[in-house]
Amino acid sequence: MKKCISLLKAIMSQDMELFSFKKKNNSSRLKKMITPIVIGIFFMLAIGTYLGILGVELSKLNLTYIMLTVALILPVILTLIQGIYKSQGILFETKDNDLLFSLPIKKSTIVFARIFKMYAFEYLYNLLFILPAFVIYAYFERPGISFYFISILMSILLPIIPTVIASFIGLLIKNLSVKFRAKKIAQTVLTMLLFLLIFHFSYNSNAIITNLINNASSVNDVIIKIYYPIGLYINLIQKFDILELLKLLLVNIIPLVIFIYLTSKTYFKTIAKGEEKSTSSKNKNKYKEKIKKRKKINSLVIKELKRFFSSPVYMFNTLIGIVLLFIATIAMCINVNGAINSFMEAENINMEISVILNILPKVFLGLVIATSSLSSITSSSISIEKKSFNITKSLPLSEKEILLSKLLSSDVILMPVMIISAIIFCIFFKVGMFDIISIFLMILIMPNLVGIIGLLTNLKYPKLNATSDTEIVKQSTSSMIAVLLGMLIAAILVGILIIIPKYLNTSINTIILIELIVLSLATIMLWNILNKYGKKRIKEIDV
């Protein structure tokens, strides 16, 4: 037991400063915690607003508990999606594997500690959804004391099953990817395919849920069919039963125990296979490689690309947007009427298809803006180097060359897929010359603008002491700020295109032209700022 607690302390302190057990300056620690706390409060207020609207309507029908069901199912789905690609960095690809496996600690204890760390991430994330739901339900229903006890218990149990399922899928992906020579890319492709399958399922969830409702004798039957533990929880808050409570505990705990027991039997073997394959491939390539002369900037870009494609979580987190853009383009070309009808049904939009076809180039332009804004590779490109960033600094390179290589590597990754999607779209729909020019200019400008913003945030908030790529890509301050700024830029640009022509007598093409000019000027200005700030900041950064 003592070994398990010590291991938990060490693992939790490794990547999560919130759980750090080392003595730190209280004021600096408080400053780091303020930003995520404030963002969390605003997020809960936003979620609470929507759930409150739903609760008002359902309370009139005495069906307020359905609001709870919605609030509980959403984090379950998100935990499953996030957990699939987080599992690689947290469970398998950690730097302390050799150290831990050499210690007199049971493999099951190591598996439990790492799953607990993953669970802790998801628990904090789930609270953002379920706390507002509990408050709103309590406001409308005025439940007894048992509701609060059961709800606290449910908040603890909720992430367990999706975390176990995500870890199991992550284990399968790890075992399958080991069989491929390019195991990192194979791992990312498998994860992305699974994610797209989940995305397709969620996109068609309306029909699935409608079918469940039509074939269920009551709403409670629907809840149990969707996710059995939530059905048990709803029954418990309506009528407390000790047997139902035991069922709720066992349904969540038994899968966790079984998974830990079975995984611990093959855990070391799975990790060892991956490391052996990686080491042997490196040794083979060592003798095959020939010395090639390249320009400094070309060598830097190739180095950045190799680092990017060696990290599944880095690839998945940044490529999913452009993959969805390409799939959306192909879907529109294959069956444009069906794609438009599906979208209008999902969003409850009443509009003639002919009208939508006329504005389709503007819709595609909006997709390009959104994709570019949310695909920030550079927000992690400095942190991802970790201690090797000092080596990069020691080379005979200028700060401008280092920054430019990171920006160019981001363009090399993002732009080809976006350009191919744009070419297919423009040819198939016979897009006008102005729309063609505006789409391609946006593809050239937006990734560079977002890339520069990402570099600025990563220079300001580098995280070079991380022990896993997951921590850098998903949990760093620079990544969070870059994503939020990207969302804000996309919302403003698309919002202007929708609102201004509607209320002012101005052509949408004029608005697009103004946006392109403003974005071009902003990119040039930020690049100059980056060069000045980067020259000073890179010298200050030290691991």
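Since we're looking at a predicted model, the values are computed, not measured.

Cut-offs used in this document
Residues numbered from 1 in each chain as written. Predicted model: local features only at pLDDT ≥ 70, side-chain atom pairs only at ≥ 80, totals over all residues. Heavy atoms only, no water. Helix = DSSP H or I, 4+ residues; strand = E, 2+ residues; numbered from the N terminus. Buried < 20%, exposed > 50% of the residue type's maximum accessible area, 1.4 Å probe, protein only. Contact = heavy atoms within 4.5 Å. Areas by Shrake-Rupley, 256 points an atom, 1.4 Å probe, with all protein chains shown as cover. Salt bridge = Lys/Arg side-chain N within 4 Å of Asp/Glu carboxyl O. Phe/Tyr/Trp six-rings, centres within 6.5 Å; stacked < 30°, edge-to-face > 60°. pLDDT = per-residue confidence, 0-100. Core = buried A, V, L, I, M, F, W, Y, C linked by side-chain atoms within 4.5 Å. Axes fitted to C-alpha atoms, helices over the stretch in contact; angles between N-to-C directions. Parallel < 35°, antiparallel > 145°, perpendicular 65-115°, else oblique. Left-handed = near helix turned anticlockwise from the far one by under 90°. Disulfide = S-S within 2.5 Å. Expected span 1.5 Å × (residues − 1).

Participant: Whenever I open this one, the overall build of the protein confuses me. Can you help?
Facilitator: On a plain count of helices and strands, the protein comes out with 23 helices and 0 strands. Each of the 543 residues in the protein was classed as buried or not, and the buried ones make up 45%. When contacts within the protein are restricted to residue pairs at least 6 apart in sequence, those whose partners lie at least 24 apart make up 81%. When the accessible surface of the protein is totalled, it reaches about 28700 Å², and 68% of it is carbon and sulfur.

Participant: Just to check I follow, could you spell out unusual backbone geometry for this structure?
Facilitator: Glycine aside, negative phi is the norm for most residues, and most peptide bonds take the trans geometry. The backbone of arginine 142 sits at a positive phi, close to 50 degrees, despite the residue not being glycine. Within the fold, arginine 142 resides in the loop between helix H5 (107-141) and helix H6 (145-157).

Participant: I would appreciate a short explanation of the pattern of salt bridges in the present structure.
Facilitator: Once the charged atoms of two side chains with opposite charge are near each other, the side chains can pair. If you walk through the whole model with that rule in mind, you get 8 salt bridges. Put simply, lysine 247 and glutamate 244 hold a salt bridge, and the shortest N to O gap is 3.5 Å. Here glutamate 244 and lysine 247 lie together in helix H12 (residues 242-288), a separation of 3 residues that amounts to about one turn. A residue is classified by how much of its surface remains accessible, and glutamate 244, at 16% relative accessible area, is buried. Here glutamate 304 and lysine 303 are joined by a salt bridge, their closest N and O atoms 3.4 Å apart. Three or more residues are tied together by salt bridges with common partners; here these are Lys303, Glu304, Glu385 and Lys406.

Participant: Where do I start with the packing of aromatic side chains in this structure?
Facilitator: Each aromatic ring pair is characterised by the separation of its centres together with the angle its planes make. Per the stated rule, a full pass over the model turns up 14 aromatic pairs. Ring centres 5.7 Å apart and planes at 65 degrees place the aromatic pair tyrosine 125 and phenylalanine 129 in the edge-to-face group. Of the two residues, tyrosine 125 and phenylalanine 129 are both situated in helix H5; the distance of 4 residues between them amounts to about one turn of the helix. With relative accessibility at 26%, the residue tyrosine 125 sits in the partly exposed group. Classification of phenylalanine 129 by relative accessible area gives buried; the value is 4%. The interplanar angle of 90 degrees and the centroid separation of 6.2 Å between the aromatic rings of phenylalanine 134 and phenylalanine 147 together place this pair among those described as edge-to-face. Of this pair, phenylalanine 134 sits in helix H5 while phenylalanine 147 is found in helix H6, placing the two residues 13 residues apart along the sequence. The class of phenylalanine 134 is buried, set by a relative accessible area of 10%.

Participant: Would you take a moment to explain the confidence of the model for the protein for this structure?
Facilitator: In regions of low pLDDT, the predicted coordinates are not meant to be interpreted in detail. Of the residues in the protein, 73% have a pLDDT of 70 or more, and the chain-wide mean is 78. Across residues 16-24, confidence stays below pLDDT 50; counting only partners more than four residues off in sequence or on other chains, it has 18 contacts. Across residues 286-291, where pLDDT falls below 50, the model places 0 contacts with residues more than four positions away in sequence or in other chains.

Participant: How do you make sense of the environment of serine 311 when you look at a structure like this?
Facilitator: Locating serine 311 in the fold gives a position in the loop between helix H13 (296-309) and helix H14 (312-334). With 157 residues separating them in the primary sequence, serine 311 and serine 468 have C-alpha atoms 9.9 Å apart.

Participant: How should the nonpolar core be read in this particular structure?
Facilitator: For soluble globular proteins, the rule of thumb is that nonpolar side chains tend to be buried together. Judged by nonpolar contacts, the single largest core of 61 residues is most densely connected at Phe364, Ile369, Phe425, Ile439, Met442, Met446 and Leu530. For this core, the secondary-structure elements that each account for two or more residues are H13, H14, helix H17 (360-374), helix H19 (399-428), helix H20 (433-460), helix H21 (469-475), helix H22 (477-503) and helix H23 (508-540). The leading source of residues in this core is H20, at 12 residues. Those residues in contact with methionine 442 that sit more than four places away from it in its chain are Leu365, Val368, Ile369, Pro447, Leu516 and Leu519. In terms of nonpolar packing, the next biggest core, distinct from the first, is built from 55 residues, Leu68, Phe134, Met154 and Ile237 among them.

Participant: Teacher, can you tell me more about the packing of H14 against H19 here?
Facilitator: Two packed helices can be described by the angle between their axes and the distance between those axes. Their axes nearest at 10 Å, the elements H14 and H19 cross at an angle of 10 degrees. For the element pair H14 / H19, the angle class is roughly parallel. As for the relative orientation of H14 and H19, their crossing is left-handed in sense. Here Thr318, Leu319, Ile322, Leu325, Phe326, Thr329, Ile330, Met332 and Cys333 of H14 come into contact with H19, specifically with Ile413, Leu414, Val417, Met418, Ile420, Ser421, Ile424, Phe425 and Phe428.

Participant: What is the right way to read the state of the cysteines from this model?
Facilitator: A disulfide bridge is the covalent bond that connects two cysteines by way of their sulfur atoms. All told, the structure shown has 0 disulfides when counted by the stated rule. Free of any disulfide, cysteine 333 has its nearest cysteine sulfur in cysteine 426, 9.9 Å distant. Owing to a relative accessible area of 9%, cysteine 426 belongs among the buried residues under this scheme.

Participant: Teacher, can you tell me more about H17 here?
Facilitator: Since there are 3.6 residues in each turn of an α-helix, residues three or four apart along the chain are aligned in direction. Helix length check: H17 (15 residues) gives 21 Å between terminal C-alpha atoms against 21 Å at 1.5 Å per residue, within 8%. Most of H17 is tucked away, with 11 of its 15 residues classed as buried. Three or more residues of H17 are buried, namely Leu360, Pro361, Lys362, Phe364, Leu365, Gly366, Val368, Ile369, Thr371, Ser372 and Ser373.

Participant: Which parts of the structure should I look at to understand the environment of alanine 466?
Facilitator: Topologically, alanine 466 is positioned in the loop between H20 and H21. For alanine 466, a relative accessible area of 5% corresponds to the buried category. Taking the C-alpha atoms as reference, alanine 466 lies 7.1 Å from lysine 386; in sequence the two are 80 residues apart. What alanine 466 contacts, discounting residues up to four positions off in sequence, is Lys386, Glu471 and Ile472.

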